[in-house]
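Close look at the chain arrangement
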Amino acid sequence: KQNTLEGQMSEFGRSFDAAQNELITCAFTFTPFFLLSDQMLPYPFGNLLPRQGDPLKTWLMRFVTTFSPSWNRFKKLTTKLDLTVRKMIDEAYADPSLNERKDIMAPFFTAKI
């Protein structure tokens, strides 16, 4: 789909869409595993341990995601998205007519803290 303001898909739009699609893939990939592991795995990996800040579940999540191609693609895509956003911010600050800009991000760049 085309960006109607610029007439073409922006770099940010492409990066965001790719990262979001890969996140959805990860969610569908990992959700069944973690739901089943909560119910089926024995202690200490099952549901007998506290949910938040549990070091063993954190380790299990890191172990599973480390070897996941979709998670690795997601991490690369979010890195690309982050670089794209940083580039957009740098370009906005370098714009000599920053105070006259009317786009949605202009107030954030001109705000006084």
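These numbers come from a predicted model, not from an experiment.

1. Thoughts on the side chain of E22
Note that E22 resides in helix 1 (residues 11-40). The exposure class of E22 is buried, given its relative accessible area of 11%. Within the structure, the side chain of E22 is placed 3.3 Å from the side chain of R73, a separation counted as a polar contact. What E22 contacts, discounting residues up to four positions off in sequence, is S70, R73, F74 and L77.

2. Section: helix 3 (residues 69-94)
Between its first and last C-alpha, helix 3 extends 37 Å over 26 residues, near the 38 Å set by a 1.5 Å rise per residue. The set of residues buried in helix 3 consists of S70, F74, L81, T84 and A92.

3. What about the nonpolar core?
The biggest cluster of nonpolar side chains holds five residues, and these are C26, F30, L60, V64 and F74. Among all residues touching C26, those that are not within four sequence positions of it are T31, S70, W71 and F74.

4. Here's the deal with the side chain of T84
Structurally, T84 is set in helix 3. Here K80 takes part through its backbone oxygen, which lies 2.9 Å from a polar atom of the side chain of T84. With near-sequence residues (within four places) excluded, T84 lies in contact with E11, F12 and S15.

5. Some words on the environment of A19
Here A19 shows up in helix 1. The exposure class of A19 is buried, given its relative accessible area of 4%. As for A19 and F74, which are separated by 55 residues in sequence, their C-alpha atoms are 5.8 Å apart. With residues near it in sequence (within four places) discarded, A19 still touches F74, L77, T78 and L81.

6. Side note on the confidence of the model for the chain
Mean pLDDT for the chain: 80, with 77% of residues reaching 70 or above. Between the elements of the chain, mean pLDDT differs from a low of 76, seen in helix 2 (residues 55-66), to a high of 91, seen in helix 3.

7. Thoughts on a nonpolar patch on the surface
On the surface, F12, F16 and M88 cluster together into a nonpolar patch covering about 270 Å² of accessible area. For F16, a relative accessible area of 38% gives the class partly exposed.

8. Remarks on the packing of aromatic side chains
With the rule as written, the count across this model stands at five aromatic pairs. Judged by centre distance (6.0 Å) and plane angle (25°), the rings of F12 and F16 are stacked. Of this pair, F12 and F16 both sit in helix 1, four residues apart, roughly one helical turn. Ring centres of F63 and F67 lie 5.3 Å apart, and the angle between their planes is 70°; on these two criteria the pair is classed as edge-to-face. You can call F63 partly exposed: its relative accessible area is 43%. A connected cluster of aromatic rings, assembled from ring pairs, spans F30, W71 and F74.

Scoring rules and cut-offs
Residues numbered from 1 in each chain as written. Predicted model: local features only at pLDDT ≥ 70, side-chain atom pairs only at ≥ 80, totals over all residues. Heavy atoms only, no water. Helix = DSSP H or I, 4+ residues; strand = E, 2+ residues; numbered from the N terminus. Buried < 20%, exposed > 50% of the residue type's maximum accessible area, 1.4 Å probe, protein only. Polar contact = N/O pair within 3.5 Å; in protein donor to acceptor, adjacent residues only side chain to side chain. Contact = heavy atoms within 4.5 Å. Expected span 1.5 Å × (residues − 1). Core = buried A, V, L, I, M, F, W, Y, C linked by side-chain atoms within 4.5 Å. pLDDT = per-residue confidence, 0-100. Patch = residues over 30% accessible without salt bridge, like charges linked within 9 Å, V, L, I, M, F, W, Y side chains within 5 Å. Areas by Shrake-Rupley, 256 points an atom, 1.4 Å probe, with all protein chains shown as cover. Salt bridge = Lys/Arg side-chain N within 4 Å of Asp/Glu carboxyl O. Phe/Tyr/Trp six-rings, centres within 6.5 Å; stacked < 30°, edge-to-face > 60°.

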